[in-house]
Amino acid sequence: MLKIILYFQRKYVIVDLTKKVTERRSSMVRLELTFELVRQEFPLEYDRLLVSFFKATLQNYSREMFDALYNKNASIQKQFCWSCNLSGARFETDKIYLKEKRFKLYFSDADMTEIIQFYNAFTLMKGKKYPMPDGNIMDLSKVRVCTFAEIQEEELIVKMQSSLLARRHDVEKNQDTYYTCEDAEFSEVIKENVTTFLQKQGIELSTETFQVTPVKGRKVVVRCFGRFCDGSIGIFRITGSKELLNLLYVQRDMDCGQFWDRKEGMIWNGMKLGWEIS
């Protein structure tokens, strides 16, 4: 039985998720967070803002959990990721202008215990006004548990509108090289990223059959944490074991950019980003 134990106002409230999870066969869980804004604006580099919010959330919830995920003395591979739904977004040179004073964030985690802890942590942040750049404020108003179906195939044709970043890091030179679907090393580098992620997490899944092959892709340049990086969008064929594809579907951010998001994704100039099964 899957339960969330929520600590709130000095009382423990148990939320039974068993019914919600089993309503659909072979379902997984993610969180939907709704934020209210003072102004219909959002920073261009909102990744920095959201990472800052996650850190503040964990510090408010558990110093032990914060130190486990954000130890300054070590680079820690995360098992969680997120995407934003920015309704009616209009991107300008200085900021993003939204259609309404609200945005949604979708949060998923390959570690079920960890996502339960994040649920508790996010819930304790409800109603706490969080400062944004230029004096704007974001206020978490709702935390909802959602389910989504597992992948049942070992080969998928997907439309990837959110940029896929394939990075190879040179430890000796401390230098990053990004590969796109136009490069011969593209699929190999993505496989290296996935293999490294599994090894760091101690997850015993084979990447022998895993491959990302461009069907109709193109190179794009994206801004990521203040840097411009080469990425790829378009239609791709993804093959691998069902267990691996489902893990990546939940996690989908293994130090190679926003990896994929099947249906919700992010909103960019009114278009849905992420990937959809064709």
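Residues numbered from 1 in each chain as written. Predicted model: local features only at pLDDT ≥ 70, side-chain atom pairs only at ≥ 80, totals over all residues. Heavy atoms only, no water.

**A closer look at the environment of Arg90**
Here is the rule: Where helices and strands are cited, they refer to DSSP runs of H or I of at least four residues and of E of at least two residues respectively, numbered from the N terminus. When a residue's accessible area, from a 1.4 Å probe over protein chains only, is under 20% of the maximum for its type it is buried; when over 50% it is exposed; and in between it is partly exposed.
Relative to the elements of secondary structure, Arg90 occurs in strand E6 (residues 90–91). By relative accessible area, which is 46% here, Arg90 ends up partly exposed. Distance in space between the C-alpha atoms of Arg90 and Phe42 is 9.9 Å, their sequence separation being 48 residues.

**Examining the pattern of salt bridges**
Definition in use: Here, a salt bridge means any side-chain nitrogen of Lys or Arg that lies within 4 Å of a carboxyl oxygen of Asp or Glu.
In this structure the tally under the stated criterion is 16 salt bridges. In this structure, Lys104 engages Glu32 in a salt bridge whose closest nitrogen and oxygen atoms are separated by 3.8 Å. Of this pair, Lys104 sits in strand E8 (residues 102–109) while Glu32 sits in strand E3 (residues 27–37); the two residues are 72 residues apart in sequence, bridging distant segments of the chain. Overall, Lys104 belongs to the partly exposed group, its relative accessible area being 30%. A salt bridge links Arg39 to Glu41, with the shortest nitrogen-to-oxygen separation between them at 3.3 Å.

**Side note on the sheet that holds strand E4 (residues 41–43)**
Put simply, the rule is: Pairing between strands is defined by DSSP: at least two bridges between them are needed.
Strand order in the open sheet formed by three strands is E4-E7-E6, and the pairing between neighbours is antiparallel. Where the open sheet ends on each side, the last strands, each with one partner, are E4 and E6. Note: E6 against strand E7 (residues 95–97), two bridges, orientation antiparallel. Across the sheet, residue Arg90 finds its bridge partner in E7, namely Tyr97.

**Some words on the nonpolar core**
Using the following cut-off: Working definition of a nonpolar core: buried Ala, Val, Leu, Ile, Met, Phe, Trp, Tyr and Cys residues. They are joined through side-chain atoms within 4.5 Å. The contact definition used throughout considers only heavy atoms, calling two residues in contact when any of these lie within 4.5 Å.
Formed by 40 residues in total, the largest nonpolar core has its most connected members in Phe42, Phe54, Leu105, Phe107, Phe122 and Met138. Within the residue set of this core, elements represented by two or more residues are E3, helix H2 (46–61), helix H3 (63–69), strand E5 (80–85), E8, helix H4 (112–124) and strand E10 (137–149). If one sorts the elements of this core by residue count, H2 sits on top with seven residues. Residue contacts for Met138: discarding those within four places in its chain leaves Phe35, Glu36, Leu37, Leu49, Leu50, Phe53, Phe103, Lys128, Lys129, Tyr130 and Met132.

**Overview of helix H5 (residues 186–201)**
What counts here: Each residue after the first adds 1.5 Å to the expected span of a helix.
With 16 residues, H5 extends 23 Å from end C-alpha to end C-alpha; this agrees with the ideal 22 Å at 1.5 Å per step. All buried positions along H5 are accounted for by Phe186, Ser187, Val189, Ile190, Asn193, Val194, Phe197, Leu198 and Gln201. Positive backbone phi, approximately 70 degrees, marks Gly202, located one or two places after H5.

**Describing the pairing of strand E14 (residues 211–224)**
On a regular strand, one side chain projects to one face of the sheet and the next to the other, so that they alternate. Pairing geometry for E14 and strand E15 (residues 227–239), over 13 bridges, is antiparallel. Note on E15: the bridge partner recorded for Gln211 is Thr239. Remark: two residues form the turn of the hairpin made by E14 and E15, two consecutive strands paired antiparallel; Phe225 in that turn has positive phi of roughly 50 degrees.

**Considering the pairing of E8**
For E8, the tally of buried residues reaches six of eight residues, placing the bulk of the element in the interior. Pairing of E5 with E8 involves six bridges; the strand directions are antiparallel. Across the sheet, residue Ser83 finds its bridge partner in E8, namely Tyr106.

**Description of the packing of aromatic side chains**
Spelled out, the test is: Whether two aromatic rings pair depends on their centres lying within 6.5 Å, for rings of Phe, Tyr and Trp, where Trp uses its six-membered ring; planes under 30 degrees apart make the pair stacked, over 60 edge-to-face, and the rest tilted.
What the rule picks out here adds up to 18 aromatic pairs. On the basis of an interplanar angle of 35 degrees and a centroid distance of 6.0 Å, the ring pair of Phe186 and Phe236 is categorised as tilted. Pair noted here: Phe186 is in helix H5 and Phe236 is in strand E15, with a separation of 50 residues, a long-range link. Here Phe186 and Phe236 have matching classes, each one buried. Three or more aromatic residues link up through ring pairs in this structure, and these residues are Phe35, Phe42, Tyr46, Phe53, Phe54, Phe80, Trp82, Phe103, Phe107, Phe118, Phe122 and Tyr130.

**Quick notes on the confidence of the model for the protein chain**
To be explicit about the condition: The quantity called pLDDT is the predictor's confidence in a given residue, expressed from 0 to 100.
Confidence in the prediction for the protein chain averages 78 pLDDT; 79% of positions are at 70 or higher. Ranking the helices and strands of the protein chain by mean pLDDT puts strand E9 (residues 129–131) first, with 96, and strand E17 (residues 271–272) last, with 26. A low-confidence stretch, residues 1–26 (pLDDT under 50), is modelled with 48 contacts involving residues beyond four sequence positions or located in other chains. Predicted confidence is poor over residues 253–278, with pLDDT under 50, and the contacts of this stretch with residues over four places away or in other chains come to 102 contacts.

**A word on the packing of H2 against H4**
In plain terms, the rule: Axis lines are fitted through C-alpha atoms, for helices just across the contact stretch, and the angle between N-to-C directions can take any value from 0 to 180 degrees. In what follows, roughly perpendicular refers to angles from 65 to 115 degrees, roughly parallel to angles under 35, roughly antiparallel to angles over 145, and oblique to any angle outside these ranges. Residues are grouped as follows: nonpolar covers Ala, Val, Leu, Ile, Met, Phe, Trp, Tyr, Cys and Pro; charged covers Asp, Glu, Lys and Arg; every other residue, Gly included, is treated as polar.
For the pair H2 and H4, the least separation of the axes is 9 Å and the interaxial angle reads 95 degrees. Taken together, H2 and H4 sit at an angle that is classed as roughly perpendicular. Residues Phe53, Phe54, Thr57, Leu58, Asn60 and Tyr61 of H2 lie in contact with H4, whose contacting residues are Gln117, Phe118, Asn120, Ala121, Phe122 and Leu124. Classifying every residue of the contact of H2 with H4 by side-chain character gives eight nonpolar, four polar and no charged.

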